[in-house]
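Each chain is listed here by its residues.
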Amino acid sequence: MKHLFFLLLFINVATYAQKITIVDAATLQPIVNVTAFNITNSKHVISNFDGVLDLTKFRSNETIYLKHLSYQEFEARKKKLVKNKVIKLTAIANDLEAVFLSVSKAKVKRSRIAQEIATFTIQDIQKAAPQTSADLLASIPGIKVQKSQFGGGSPVLRGMEANRVLLVVDGVRMNNAIYRKGHLQNSISVSPNMLERTEIVFGPSSVMYGSDALGGVIHYYTKQPKTNDILSIKPTFLARVSTVNDELTAHAAFEIQSKKIGVFTSISQSKFGDLKMGENRSHGFDDWGLQYDYSNNSTDFYNEYPVVNETPSTQKNMGFSQFDFMQKLVFPLEKKSKLSVNFQYSKSSDIPRFDKLMQRSGGNLKFAEWHYGPQKRLLLSSQLKISPNKKWLKKGTITVAYQNLKESRVQRKFNSLKRFYRNESVDVFSVNGDFEIPIGSKNKRVLTYGTEFSFNDVKSTSVGKTLEVDGFEIINLTEDFVVQTRYPDGGSNYSSSAFYANYRQDISARETLNTGLRFTNTLLNAKWQDETYIVLPDNDIHLNNSAVTATVGYVFKPVKNFQFNAVISSGFRSPNIDDVGKIREKNGFVSVPNIYLKPEFIYNGEIGFLKYLNDKKFNINFTTYYTLLQHYITRDLYELNGNSSINYDGEIVQTIANVNKGNAYIFGGTISLNGKISDFFNAKASATYTKGKAYDTGEPLSSIPPLFGLIEIGYSKNKWDMALNFKFNGQKKHTDYNLFEGIDNVEQTPYNTSTGDYDLGNPSWKTLNYNIQYKLNNKIQLRMHIDNIFDVHFKEFASSISAPGRNFSFSVMSPF
């Protein structure tokens, strides 16, 4: 018995002696999900929540590689690793060796990328603690976010917004045939709690992504399960409360790792209430943004009159809730292949449209009801990754996906019993393949190519219902009446097919050349049936558009730790169903179909540099660009069948439409600093300037934000992590607003009583914010945020809501 005891003790000690701990070189905190593998990749293990790796399966003299997307790769013999016991990895977020996935749809080092790019890692997400993905994007340098209601957020990249910016999740395009011009709120349909990282590619990216990627690409990467020879289960959770809008967020997830399957399940639920604005009105406008009355009508409650808001600094009709679910499965296959299945589902409650509910007619509130019905996003995709590592094909990815998007709009005016319902449903089928071929044996020349096909089927319906009321109660809906649909009521579809090729060559140790070419063809079919309100020249239309786009990028590293970048690129956006066929009213104008609309094109030139300091721990990044838009699409007065007005929802309103104009330009730049300034202190700062104007009309372009940026100082040591953040935003002058399109929402700026007009522009603003995190242990973190410490009142440019005032946010989480 004694011998058995000592044998078991010896085995246990020997096993423990082959375990090592992986930690961050700066914070000394354990790193989860570090992969250890041998040179043939026949053996691999993954670190657990405590950063522990069990190297038992590796031979003593075997070389082991330690790899993590956010850290520099490390290699050493097993006996050396075991001897050291604790291995420190250096973060590469600011390093030339950092890897980015979105630029060429493959892993490429920063030192080979010419485009302006940014990344937001899971560590950044945890520190920012964003309530929605729109808030996450607003934390990234170079991105400005507009909000028409709290349940939304429209990102702006280089003066481009909505359907001129491409959203992608896990390699699948989110943009569909009804993504609109103006402001788009779909970015929030991906919960930030599901994300592992977000990458931004600034500027035209049509070669790799096709239509819509004019301002850039926002690529969401959700958390990915891994396989492991040792069975393990890793639960995570998050709970957060916020005072400024009574936020309650709960998130739970777990990952199962085994040899034959990896499983990741994520569930998130968030609930938000009314939003408090800042009380400190240093801009000098005492009443700006205050809400003195509001509608308390609902789907089953009727009130003929608005009610008084007892606390005008609290914005009513803001609250909504959102549920997000994700299920991922990964199956390792033979011959270094991997199959993954990705299921995502997002559903919101009714989302009040705050700007519409604040709209006035004759001095009184116009709408008793105006909300988006529950918005639903369903994604089902399957992705096959192959790595034959042959001369004719090194690796490739084939993605097949189906998406279903549902959205609706419900509205009713005061002093009316007529309620209008408009419903949209889009089915999207897509398949794309991306492949890589090395040319030569030293990986200095690489050819990537791919093909993509997508088909959008759009169904648009509408109906009017008359309310039966008894006092304050809505007891029934009767007397259906005809309501104009938002999109063609006879059905419409939009398809895109493309082929691209991209070639990268290391000209020398200091120079890299990237070139690419893409051919894209789009087909649009639409049919209108009901002619109660609108009669078109042709009720059955077919549009066929094609485009060839190209890019040339040059990277030059004249000295160590300095990189010069230059890019010339082109892009295009083919009109979709929303551009061609949308019918909707805003501010006394109604958009009507223009079946003669053509694509808009973009030509871009940019230069930039990256300078690395402090042993690559700190960098300075500067990029400036000039963009020419040709045949750009904008809203303008439009006559339909010789008439300049129509009857819409019971009102005679003037008609406008999307039309092609001549040429316009956008130029600007971003400078950013980021990295460690000492062992425990880090800093980051950025400033972005944008200017845009039409050559043909001389008018400013819409969606051009004023100067904005941030400065942040952080401290990390042992269990503590804290940061002080200063955000600033310049004034948007009235003369810089596009006053016709309505996208800039000049009516949301302070009202000038002396002139009786909105001619004061949007005031500048600045806020101070603080956050602190304490790591209770390796599995539990506590975090507190104090945002807008001085309770400043302001509005983001073009936003309808006043920004949140002072906010206290408290989180407890177990990190992924």
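Note that this is a predicted model, so its numbers are computed, not measured.

## With respect to the nonpolar core
Item 1. With 55 residues, the main nonpolar core has Leu137, Ile140, Ile143, Ile200, Ile218 and Tyr220 as its most contacted residues.
Item 2. Among residues more than four places away in sequence, those in contact with Leu137 are Ile143, Val145, Pro155, Ser187, Thr198, Ile200, Ile218 and Tyr220.
Item 3. Core analysis: the next-biggest nonpolar cluster, separate from the first, contains 30 residues, Ala526, Ile534, Leu543 and Val580 among them.

## Here we look at the pairing of strand E16 (residues 195-202)
Item 1. With seven of eight residues buried, E16 is to be regarded as a mostly interior element.
Item 2. As judged from the five bridges shared by strand E10 (residues 117-121) and E16, these two strands associate in the antiparallel manner. Counted as the bridge partner of Ala118 is Ile200 from E16.
Item 3. Inspection of the sheet shows E16 paired to strand E17 (residues 216-222) by seven bridges, in the antiparallel sense. Each bridged residue has a counterpart across the sheet, and for Glu199 the counterpart in E17 is His219.

## Things to note about the pattern of salt bridges
Item 1. Here the structure, examined in full by the defined rule, presents 33 salt bridges.
Item 2. Residue Lys661 is joined to Asp636 by a salt bridge in which the shortest nitrogen-to-oxygen separation is 2.6 Å. One end of the pair, Lys661, is in the loop between strand E46 (651-660) and strand E47 (663-676); the other, Asp636, is in strand E44 (residues 633-637), with 25 residues separating them in the sequence.
Item 3. In this structure Lys661 comes out as partly exposed when scored by relative accessible area, which is 26%.
Item 4. Under the relative-accessibility criterion, Asp636 is labelled partly exposed at 22%.
Item 5. A salt bridge links Asp736 to Lys691; its shortest N-O distance comes to 3.4 Å. Here Asp736, found in the loop between strand E50 (720-729) and strand E51 (765-775), pairs with Lys691, found in strand E48 (residues 681-694); they are 45 residues apart in sequence, far enough to count as distant.
Item 6. Linked by salt bridges that have partners in common, Arg164, Arg573, Asp579 and Glu600 make up one network.

## Structural notes on the sheet that holds strand E3 (residues 44-46)
Item 1. In spatial order, the strands read E3-E2-E5-E6; together these four strands make up an open sheet with antiparallel pairing. The strands lining the two open edges of the sheet, one partner per strand, are E3 and strand E6 (71-77). Taken pair by pair, the neighbouring strands of this sheet meet at an average axis angle of 20 degrees, ignoring direction.
Item 2. The pairing of strand E2 (residues 35-37) with strand E5 (residues 63-68) spans three bridges and is antiparallel. Of the residues in E5, the one forming a bridge with Ala36 is Leu66.

## Notes on the side chain of Ser800
Item 1. Checked against the element boundaries, Ser800 lands in the loop between strand E52 (781-787) and strand E53 (807-814).
Item 2. On the basis of relative accessible area, Ser800 is assigned to the buried category, the value being 3%.
Item 3. Beyond its immediate chain neighbours, meaning those up to four positions away, Ser800 contacts Lys147, Ser148, Phe354, Asp355, Asn745, Gln748 and Lys795.

## Focus: the packing of aromatic side chains
Item 1. Applying the stated criterion to the full structure yields 28 aromatic pairs.
Item 2. A ring pair is formed by Trp370 and Tyr372, whose centres lie 5.6 Å apart and whose planes are at 80 degrees; its orientation type is edge-to-face.
Item 3. For Tyr372, a relative accessible area of 4% corresponds to the buried category.
Item 4. Between Phe667 and Tyr689, the aromatic rings sit 6.3 Å apart at their centres with planes inclined by 50 degrees, giving tilted as the arrangement. Residue Phe667 is found in strand E47, and its partner Tyr689 is found in strand E48; the two are separated by 22 residues along the sequence.
Item 5. Taking relative accessible area as the criterion, Phe667 reaches 32% and is therefore assigned partly exposed.
Item 6. Taking the relative accessible area as the measure of exposure, Tyr689 reaches 40% and is therefore partly exposed.

The rules behind the values
Residues numbered from 1 in each chain as written. Predicted model: local features only at pLDDT ≥ 70, side-chain atom pairs only at ≥ 80, totals over all residues. Heavy atoms only, no water. Core = buried A, V, L, I, M, F, W, Y, C linked by side-chain atoms within 4.5 Å. Buried < 20%, exposed > 50% of the residue type's maximum accessible area, 1.4 Å probe, protein only. Contact = heavy atoms within 4.5 Å. Helix = DSSP H or I, 4+ residues; strand = E, 2+ residues; numbered from the N terminus. Pairing = 2+ DSSP bridges. Salt bridge = Lys/Arg side-chain N within 4 Å of Asp/Glu carboxyl O. Axes fitted to C-alpha atoms, helices over the stretch in contact; angles between N-to-C directions. Phe/Tyr/Trp six-rings, centres within 6.5 Å; stacked < 30°, edge-to-face > 60°.

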